[in-house]
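Here is how the chains run, residue by residue.
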Amino acid sequence: MKFRSLILANLFRKKIRLILTIGSFAIALILFTFLAVVYSAFNRGIEVAGADRLVIENRVGLMQTMPVSYADQVRAIPGVKYVTHDHWFGGVYQEEKNFFPQFVIDPENHLKVYPEFSVPDDEWNNFVKDQQGAIAGAKTAKRFGWKVGDRIPIKNSLYGPTKTWELNLDGIYHAKTADGDESQFWLQWKNFDENVPAAIKSTAGWYILRLDSPDDAVRVAKAIDAKYANSSWETKTETESAFQAGFAKQFGNIEFLILSIGSVVFFTLLLVTGNTMAISVRERISELAVLKAIGVRDGSVLFMVLAESMLIAFFGGVLGLLLAWAAIPAMSAKLTGFLPPLILSKALLSFGLLFAVLVGLTSGLIPGIGAMRMRVVNALRRV
Amino acid sequence: MIRVDGQGSANSLIRVRGLSKNYRRGGEEIQVLQRLNLDVDKGDFVGFMGPSGSGKTTLLNLLGGLDVPTHGSITVAGDEITHMSGSKLTQWRARHVGFIFQMYNLIPVLTAYQNVELPLLLTKLSKSERRKHVETALSVVGLSDRMSHYPRQLSGGQEQRVTIARAIVSDPTFLLCDEPTGDLDRKSADEIMALIEELVAKHAKTVLMVTHDPVVAARAHTTLHLEKGLLVEASKLEQGVVAGGIR
């Protein structure tokens, strides 16, 4: 690139302005990255949802239960391979802020439906035999410094008067994939069933089915909902990804929120960089005119302006992404339990950089085209 | 030989015929140049004088391919430039014209060397070939020891020398100087004019120069006056004879 020295010299012409522009770019990119990471965390459940899994919930809502006897009936429907059921436990460990998701599970079928989690055999066998047993995700165990054999007191007021459930940590589960959720805490359904008020006994919060084939999903879902139509506990059966999406929407329209803030970030960046480039081009209008006079083509003038704005965007983008990369693990640790793990993936990094360069390109276009179309005689007359 | 009567040889380096330039200002059409003729041979040094607004710079812009005439033709070294497209004209300027401006118009963030090298970046010359050309041009203007200086580290006269080096580095067909000494003190102006004279005498450069300064204009081989859009030879102006024969 023959004009490299000129482009670089122009870039560093006003150092304070360059630093401020790169800084504003970096801050905007940090904000953009945080939003994207949070959005990705909310949607990870949808992304990792098994294509061969269905979720049955009470048609009235997730807080309404269904008879546990549905399990055997559903298992009899052709195409259903395994059935398990969960309850939301919603207890508190020591303090309210120590939140982590707790589920009452059916030990017999849970790992058959969720093969993406693994527990050492001896630990799992102890859990199955121990009615007061519990299994914690590796991340939650690490967060609270729990070891297998510890006694974990969980206070609960969702099911009857406030009561502390003393649970034995029989094992620790791990996710088989890097982005798997290791923050859950599982306890035995039998223990739960014996200790909840009569209205909750023999119920399931929701069912999860694993199918022989994802192709059976529509047929099986229709069959289940038809079976319980007009019963006391009508059902709503949907794919796990649709269920997860609905669950994420309970927090509000995250996608809209993130898109709105992202658009504001994009527009603000456009204004900041566009303004910088416009000032920069206006300041050296006579120099650009001289370049054109000595034979530099219009396209090369446009290229020089675009290259400069894209370099500013690139440096700002890289700085912002580096800062976000350094800050996100700490932020994720602070938000453990409230949000799924925040992961800044390579795809997100690439998208962030692409976003930055795109902003640079767009913001340089108007001043660049102006410089390209400028008439040399008019520009020289301004000197 | 310089002629303004349209009778010049077909071999003239620069041949201008019936050149007119009109501008519209508001609803009014202003005729800046009126059917000019001009013939300039290789190695000629022409000075253009005239009051403000007489069209000197407009004529220079037309000759340099920076502007297009309303009527007429300009032929340089056999190339008719008046009908060239914008991009062709840009290429033509890079090959044939060296510009020297009153305000020097150097790029302040580039060194003297890098400024002089700019026109060569448009050629296919290698880096070492470019270096040779730049060093030669800077030595011609006497600034071999200022190559790595930025414009702000040079005096006005030295900046104008760098501009001259930039104008000659690609060995263009002719040089266009727009008030080359307009921003300089008398001593520096004399030095610059001596340099331009040297380029004409020693290096057979063809120079067309606009100036307000009669002392500077007197250094040219021929001085032409622009009066009401017409070119008049200085010697004939006193006799009241208008060159070009069209009035």
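Note that the structure is a prediction, hence the values are computed from the model and not measured.

What to know about the overall build of chain B
Line of reasoning, step 1. Scanning chain B for helices and strands turns up eight helices and 10 strands.
Line of reasoning, step 2. Expected size for 247 residues packed as a compact globule is a radius of gyration near 18 Å; at 18 Å, chain B falls within 12% of this value.
Line of reasoning, step 3. When the backbone C-alpha atoms are referred to their principal axes, chain B occupies close to 55 × 40 × 40 Å.
Line of reasoning, step 4. Taken over 247 residues, chain B has a buried fraction of 49%.
Line of reasoning, step 5. Taking the intrachain contacts of chain B between residues at least 6 apart in sequence as the baseline, contacts between residues at least 24 apart amount to 69%.

Things to note about the domain arrangement of chain A
Line of reasoning, step 1. For chain A, the domain assignment lists domain 1 (4-45 + 253-381) and domain 2 (60-233).
Line of reasoning, step 2. Here the C-alpha centre of domain 2 of chain A lies 47 Å away from the C-alpha centre of domain 1 of chain A.

Quick look at the sheet that holds strand β2 (residues 28-40) of chain B
Residues and elements named next belong to chain B.
Line of reasoning, step 1. Spatially, β2-β1-β4-β5 is the arrangement adopted by the four strands of the open sheet, whose pairing is antiparallel. Lying at the two open borders of the sheet, with one neighbouring strand each, are β2 and β5 (79-80).
Line of reasoning, step 2. Two strands pair when backbone bridges link them, and strand β1 (residues 14-25) and strand β4 (residues 71-76) are joined in this way by five bridges, in the antiparallel orientation. Its bridge partner being in β4, Ile14 is matched across the sheet by Val76.

Remarks on the packing of helix α10 (residues 254-283) of chain A against helix α13 (residues 346-373) of chain A
All names here are of chain A.
Line of reasoning, step 1. Axis separation between α10 and α13 bottoms out at 8 Å; the angle between their running directions is 35°. Between α10 and α13 the crossing geometry is right-handed. Seen from α10, the contacting residues are Phe266, Leu269, Leu270, Thr273, Gly274, Met277, Ala278 and Val281; seen from α13, they are Val359, Gly360, Thr362, Ser363, Gly364, Ile366, Pro367, Gly370 and Ala371.
Line of reasoning, step 2. Taken together, the residues of the contact of α10 with α13 break down into 10 nonpolar, seven polar and no charged.

Regarding the pairing of strand β3 (residues 80-88) of chain A
Residue and element names in this part refer to chain A.
Line of reasoning, step 1. With six bridges joining them, β3 and strand β11 (residues 206-211) adopt antiparallel strand pairing. In the strand pairing of β11, Thr84 is matched with Ile208.
Line of reasoning, step 2. Judged from the three bridges that link them, β3 and strand β4 (residues 102-105) form a sheet pairing that is antiparallel. Looking across to β4, one finds that Trp88 is bridged to Phe103.

Conventions we followed
- Residues numbered from 1 in each chain as written.
- Chains lettered and ligands numbered in written order.
- Predicted model: local features only at pLDDT ≥ 70, side-chain atom pairs only at ≥ 80, totals over all residues.
- Helix = DSSP H or I, 4+ residues; strand = E, 2+ residues; numbered from the N terminus.
- Rg over C-alpha atoms; globule rule 2.2 N^0.38 Å.
- Buried ≥ 20, exposed ≤ 12 C-beta atoms within 10 Å, placed from the backbone.
- Contact = placed C-beta atoms within 7 Å.
- Domains from an automatic or database assignment.
- Pairing = 2+ DSSP bridges.
- Axes fitted to C-alpha atoms, helices over the stretch in contact; angles between N-to-C directions.
- Left-handed = near helix turned anticlockwise from the far one by under 90°.
- Nonpolar A, V, L, I, M, F, W, Y, C, P; charged D, E, K, R; others polar.

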